[in-house]
Amino acid sequence: MAQALRPNTAGGLFATDGKPHPLQDTLLAVTLVLGITSFITAMFHPLHLLSSWTGLVGILTGAYGQWVSQTTRARFGLIVGLGASAVGFFLGMAHGGLFGGLLD
């Protein structure tokens with residue numbers, strides 16, 4: 001019955017190493033929030049400034065997060081946030097871009 005007392009750390013998609021990673025967790029949260037914001041606001045044409053800028057910042061924070069990530073959980077979440085940021089960024093660029101309507 002000794003095996004019942006040991007935690008199962010061998011498997012799972014979101015397995016972690018059991019150590020705190022505050023920088024990686026912060027980058028993950030910021031990338032997900034920016035990605036969701038960019039993706040949702042990209043569906044509305046007048047919000048192209050918000051979607052393109054949040055998408056661009058989300059791509060940059062997600063890329064840095066991928067570079068310093070140490071766990072599969074962080075990498076998985078960062079890829080989801082990066083994808084949403086990229087879609088929002090490109091749709092925002094198609095609807096008017098980063099400075100569309102401001103420089104006229």
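Structure first, text after, so check above.
Notes on the structure follow. (Residues numbered from 1 in each chain as written. Predicted model: local features only at pLDDT ≥ 70, side-chain atom pairs only at ≥ 80, totals over all residues. Heavy atoms only, no water.)

## What to know about the pattern of salt bridges
Note on pairing: side chains with opposite charge can pair once their charged atoms come close.
Working step 1: Taken as a whole and judged by the stated rule, the model has 1 salt bridge.
Working step 2: Arg73 is the salt-bridge partner of Asp25, the closest N and O atoms lying 3.1 Å from each other. With Asp25 in helix α1 (residues 22-41) and Arg73 in helix α3 (residues 72-95), this residue pair connects regions lying 48 residues apart in the sequence.
Working step 3: Arg73 gets classed as partly exposed once you look at its relative accessible area, which sits at 30%. (Salt bridge = Lys/Arg side-chain N within 4 Å of Asp/Glu carboxyl O. Helix = DSSP H or I, 4+ residues; strand = E, 2+ residues; numbered from the N terminus. Buried < 20%, exposed > 50% of the residue type's maximum accessible area, 1.4 Å probe, protein only.)

## Side note on the packing of α1 against α3
Working step 1: Packing of α1 against α3 brings their axes to within 7 Å, and their N-to-C directions diverge by 30 degrees. Accordingly, the angle class assigned to the pair α1 and α3 is roughly parallel. Taken as a pair, α1 and α3 cross one another with a handedness that is left-handed. The segment α1 lies against α3, with Asp25, Leu27, Leu28, Thr31, Leu32, Leu34, Gly35, Ile36, Ser38 and Phe39 engaging Arg73, Ala74, Gly77, Leu78, Val80, Gly81, Leu82, Ala84, Ser85, Val87, Gly88 and Phe89. (Axes fitted to C-alpha atoms, helices over the stretch in contact; angles between N-to-C directions. Parallel < 35°, antiparallel > 145°, perpendicular 65-115°, else oblique. Left-handed = near helix turned anticlockwise from the far one by under 90°. Contact = heavy atoms within 4.5 Å.)

## So, α1
Working step 1: Taking 1.5 Å as the rise per residue, α1 with 20 residues should run 28 Å; its terminal C-alpha atoms sit 28 Å apart, in good agreement.
Working step 2: Among the residues of α1, those classed as buried are Gln24, Leu27, Leu28, Thr31, Leu34, Gly35, Ser38 and Thr41.
Working step 3: Those residues of α1 hidden inside the fold are in contact with α2 (48-68) and α3. (Expected span 1.5 Å × (residues − 1).)

## Side note on α2
Working step 1: The end-to-end C-alpha distance of α2, which contains 21 residues, comes to 30 Å, matching closely the 30 Å that a straight helix rising 1.5 Å per residue would cover.
Working step 2: Buried within α2 we find His48, Ser51, Ser52, Thr54, Gly55, Gly58, Thr61, Gly62, Gly65 and Val68.
Working step 3: For α2, the elements touching its buried residues are α1 and α3.

## Quick look at a nonpolar patch on the surface
Working step 1: A grouping of Ile36, Phe39, Ile40, Met43, Phe44, Leu47, Leu50, Val87 and Leu91 is seen on the molecular surface, where their side chains present a nonpolar patch of about 780 Å² in accessible area.
Working step 2: When contributions to the nonpolar patch are tallied by element, the ones reaching two or more residues are α1 and α3.
Working step 3: Sort the elements by how many residues they give to the nonpolar patch and α1 lands first, with 3 residues. (Patch = residues over 30% accessible without salt bridge, like charges linked within 9 Å, V, L, I, M, F, W, Y side chains within 5 Å. Areas by Shrake-Rupley, 256 points an atom, 1.4 Å probe, with all protein chains shown as cover.)

## A look at the environment of Thr37
Working step 1: Inspection of the secondary structure puts Thr37 in helix α1.
Working step 2: Residue class for Thr37 comes out partly exposed when judged on its relative accessible area of 28%.
Working step 3: Between the C-alpha atom of Thr37 and that of Ala84, which follows or precedes it by 47 residues, the distance is 8.6 Å.
Working step 4: Within the local environment of Thr37, its side chain forms a polar contact with the backbone oxygen of Val33, the two atoms lying 2.8 Å apart. (Polar contact = N/O pair within 3.5 Å; in protein donor to acceptor, adjacent residues only side chain to side chain.)

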